[in-house]
Amino acid sequence: MPESSDITAGLIERVAELEAERELTLRLAQTDSLTGLVNRGAFTSALVERLEQARAEGGSVALFVADLDRFKHLNDTLGHHAGDLLLAEVGERLRTLAQPHELVARLGGDEFALISDGADVARRAQALVSALGQPHSIYGRVVAPGASIGVAVFPDDAPDAADLQRFADMALYRVKTRGGRRWSAFDAELRAENERRRTLEAELRRALPAGEIVPWFQPVVDSADGRTVGVEVLARWNHPEQGLLSPAAFVPAAEELGLIGRIDEAVFEAACRRAAPWVAEGLIELVSCNVSPRDLLDPAFSRKLIGRLQQTELPATALTVEITETFLLQDLALSRRHIERLAAKGVKIALDDFGMGYSNVRALMNLPIDTVKLDRTLICDVAKDARVAKLVGAMLHAARALGVSIVAEGVEDQGQALFLRAAGCDRMQGYLFARPMPGDEMDAQLRAGQHVLKRRARA
Ligand code: C2E
Ligand code: CA
Ligand code: CA
């Protein structure tokens, strides 16, 4: 029989082991495995803690967020393994640079953060920029991705951790989009921008249930006879003070604020209800709705859209959903699931703004895409520039070979229309035929057109 003191010693040892294990598990759960730095979850709690401490002691906290400038490119060209090595090296550099009172974290991807005190922010930012600007050697190749830094300070800029992160991100975003100096602090300009966004957010939240955001309609015509065969739905905001607002005034902000899904749902439902009788009476065949690339990131998007469609009288086969190529840069697997689910219900898919930047023909081949909409910037020069004409001709040819139908957007004059018709473009849309208009006007036009057609048929 072991002595009771042996049992106690054994127990104490076991407890110590378990504690060490628990600590290790805890540490691992807080650590980014690639760089060994603190991960996002642990970073967020650490930031909250530091702010509490600073609040109690009357101190300040600076949050620096850093993002590598050419990481995606390097990752794509050198491979993921090289990308991982680079991130690990960047982590090591930040660890070396950090002083004992500072905390470095990897927030995910090529995004890092440093928590420091609010003293001498400019010098610290400059040190970060130059440390991250030094070239790295990866597999014997010298690479210099460079980095951009945004910084915000508690309590001067932001009262809490959430705002502090948002403001540092806004500063970082400005560096990324403007170029020039590689770091920026949150300042009066960004504060004004933040205020504008806040106001817009509050206004959008009020406008949605008030029904101020409504669908307008622009005719899509058959190239052969100019007859209206469909409509594209375009959102408009009937703002009580500012009057009629175009999507450019609120769609990008709504995307950023995470409100675009609600806008698209509201516009979609109202448009389907309005247009259902036009389809039922044979005035048009197709109703085309825009969705944001953001919508495709919502796992419930296609299910909700189909459910909403079924509540209107519009048949699925009369609906086209317009997507832009930017979805290819996001979650391709999820987007593909949505697109295939919609296609399986008979909904048509159009690729919008085609020919503008990131044209990926492979996406066309691999997805059930029915229609390609040629971007206005291409159509604009089609009758003036022989090279553009050739390019559009080749696109039309390729689309026909793939069995995809083509809509030319932004057709403004007869020269363009003549060229497109001769080149075999199926359908056109643009100011030459009609501008976007409210539902009542569209309704009146369609019925008047039908009247003309009937009269013609009788004659
Ligand atoms: P888009 O899908 O490319 O829509 C075509 C845009 O070109 C519309 O601008 C239309 O008014 C304009 N347009 C049509 N014909 C002509 C023409 O001959 N000349 C010129 N210069 N412009 C023409 P709009 O209505 O301002 O919409 C802008 C963009 O906003 C749309 O581009 C679309 O990407 C987005 N959008 C519109 N409605 C919605 C919506 O309900 N949800 C989402 N997510 N985005 C929308
Ligand atoms: Ca569109
Ligand atoms: Ca377009």
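Residues numbered from 1 in each chain as written. Chains lettered and ligands numbered in written order. Predicted model: local features only at pLDDT ≥ 70, side-chain atom pairs only at ≥ 80, totals over all residues. Heavy atoms only, no water.

Draft legend 1. Region of interest: the domain arrangement of the protein. Per the domain assignment, the segments making up the protein are domain 1 (31–186) and domain 2 (203–458). Look at where the C-alpha atoms of domain 1 and domain 2 centre, and you get two points 41 Å apart. (Domains from an automatic or database assignment.)

Draft legend 2. A look at the nonpolar core. In terms of nonpolar packing, the biggest core is built from 72 residues, with Ile-263, Trp-278, Leu-314, Leu-319, Val-321 and Leu-374 touching the most fellow members. Considering every element that reaches this core, the biggest residue donor is helix H9 (residues 260–280), with 10 residues. The residues contacting Leu-314, other than those within four sequence positions of it, are Cys-272, Ala-275, Ala-276, Val-279, Val-287, Leu-309 and Leu-319. Core analysis: the second largest hydrophobic core is formed by 27 residues, Phe-64, Ala-82, Leu-94 and Val-129 among them. (Core = buried A, V, L, I, M, F, W, Y, C linked by side-chain atoms within 4.5 Å. Buried < 20%, exposed > 50% of the residue type's maximum accessible area, 1.4 Å probe, protein only. Helix = DSSP H or I, 4+ residues; strand = E, 2+ residues; numbered from the N terminus. Contact = heavy atoms within 4.5 Å.)

Draft legend 3. Summary view of the coordination of the calcium ion (ligand 3). Binding of the calcium ion (ligand 3) to the protein goes through Asp-352 (OD), Asp-353 (OD), Glu-409 (OE) and Glu-409 (OE), at separations of 2.2 to 2.5 Å. The metal-metal distance between the calcium ion (ligand 3) and the calcium ion (ligand 2) comes to 3.9 Å, with Asp-352 coordinating both. (Donors = N, O, S within 2.8 Å, 3.2 Å for Na, K, Ca; no water.)

Draft legend 4. Layout of the site of ligand 1. The environment of ligand 1 is formed by 22 residues, the closest being Arg-236, Asp-264, Asp-352, Glu-412 and Tyr-431. Here an oxygen atom of ligand 1 and a side-chain polar atom of Asn-290 are 3.1 Å apart. With respect to ligand 1, the side chain of Arg-376 contributes an N or O atom lying 3.2 Å from a nitrogen atom. The protein chains hide 82% of the 800 Å² of surface that ligand 1 would expose on its own. According to the grid-proximity analysis, the pocket containing ligand 1 is the largest pocket. Elements supplying a minimum of two residues to the shell around ligand 1: strand E9 (228–239), H9 and strand E13 (348–354). If you tally residues by element for the shell around ligand 1, the top one is E9, at 4 residues. Each residue belonging to the shell around ligand 1 can be placed in one class, and the counts come to 9 nonpolar, 5 polar and 8 charged. (Near = heavy atom within 4 Å. Polar contact = N/O pair within 3.5 Å; in protein donor to acceptor, adjacent residues only side chain to side chain. Areas by Shrake-Rupley, 256 points an atom, 1.4 Å probe, with all protein chains shown as cover. 1 Å grid on protein atoms, 1.4 Å probe; cavity = no way out; pocket = protein on both sides within 12 Å on 5 of 7 lines; lining within 4 Å. Sits in = over half its atoms within 2 Å of the grid points. Nonpolar A, V, L, I, M, F, W, Y, C, P; charged D, E, K, R; others polar.)

Draft legend 5. Focus on the pattern of salt bridges. In total, this model carries 36 salt bridges according to the counting rule given. Between Lys-176 and Asp-69 there is a salt bridge whose closest N-O contact spans 3.1 Å. Of the two residues, Lys-176 is situated in helix H6 (residues 161–178) and Asp-69 in the loop between strand E1 (61–68) and helix H3 (71–78); the sequence distance between them amounts to 107 residues. We classify Asp-69 as partly exposed; its relative accessible area is 26%. Between Glu-322 and Lys-373 there is a salt bridge, and its shortest N-O distance comes to 2.7 Å. (Salt bridge = Lys/Arg side-chain N within 4 Å of Asp/Glu carboxyl O.)

Draft legend 6. Inspection of the packing of aromatic side chains at higher detail. In this structure the tally under the stated criterion is 3 aromatic pairs. A ring pair is formed by Phe-217 and Trp-278, whose centres lie 5.0 Å apart and whose planes are at 75 degrees; its orientation type is edge-to-face. A residue pair is termed long-range when its members are at least 10 positions apart, and Phe-217 in strand E8 (residues 213–222) and Trp-278 in helix H9 qualify at 61 residues. Relative to Phe-250, the ring of Trp-237 lies with its centre 5.6 Å away and its plane at 90 degrees, an arrangement referred to as edge-to-face. Taken together, the positions of Trp-237 in strand E9 and Phe-250 in the loop between strand E10 (243–245) and helix H8 (251–256) put the pair 13 residues apart, joining distant regions of the chain. Taken individually, Trp-237 and Phe-250 each receive the classification buried, so the pair is uniform in this respect. One Lys or Arg, Arg-181, reaches over the ring of Trp-183 and ends 4.1 Å from the middle of that ring. (Phe/Tyr/Trp six-rings, centres within 6.5 Å; stacked < 30°, edge-to-face > 60°. Lys NZ or Arg CZ within 6 Å of the ring centre and 35° of its normal.)

Draft legend 7. View of helix H11 (residues 332–344). Between its first and last C-alpha, H11 extends 18 Å over 13 residues, near the 18 Å set by a 1.5 Å rise per residue. Listed in full, the buried residues belonging to H11 are Leu-334, Ser-335, His-338, Ile-339 and Leu-342. With its buried residues spanning 135 degrees around the axis, H11 presents them on a single face. Residues of H11 that are exposed and angled more than 90 degrees away from the buried face: Ala-333 and Ala-344. On its buried face, H11 sits against helix H10 (301–311), strand E12 (319–324) and E13. Of the residues one or two after H11, Gly-346 is the one with positive phi, at around 95 degrees. (Expected span 1.5 Å × (residues − 1). Arc of directions from axis to C-beta.)

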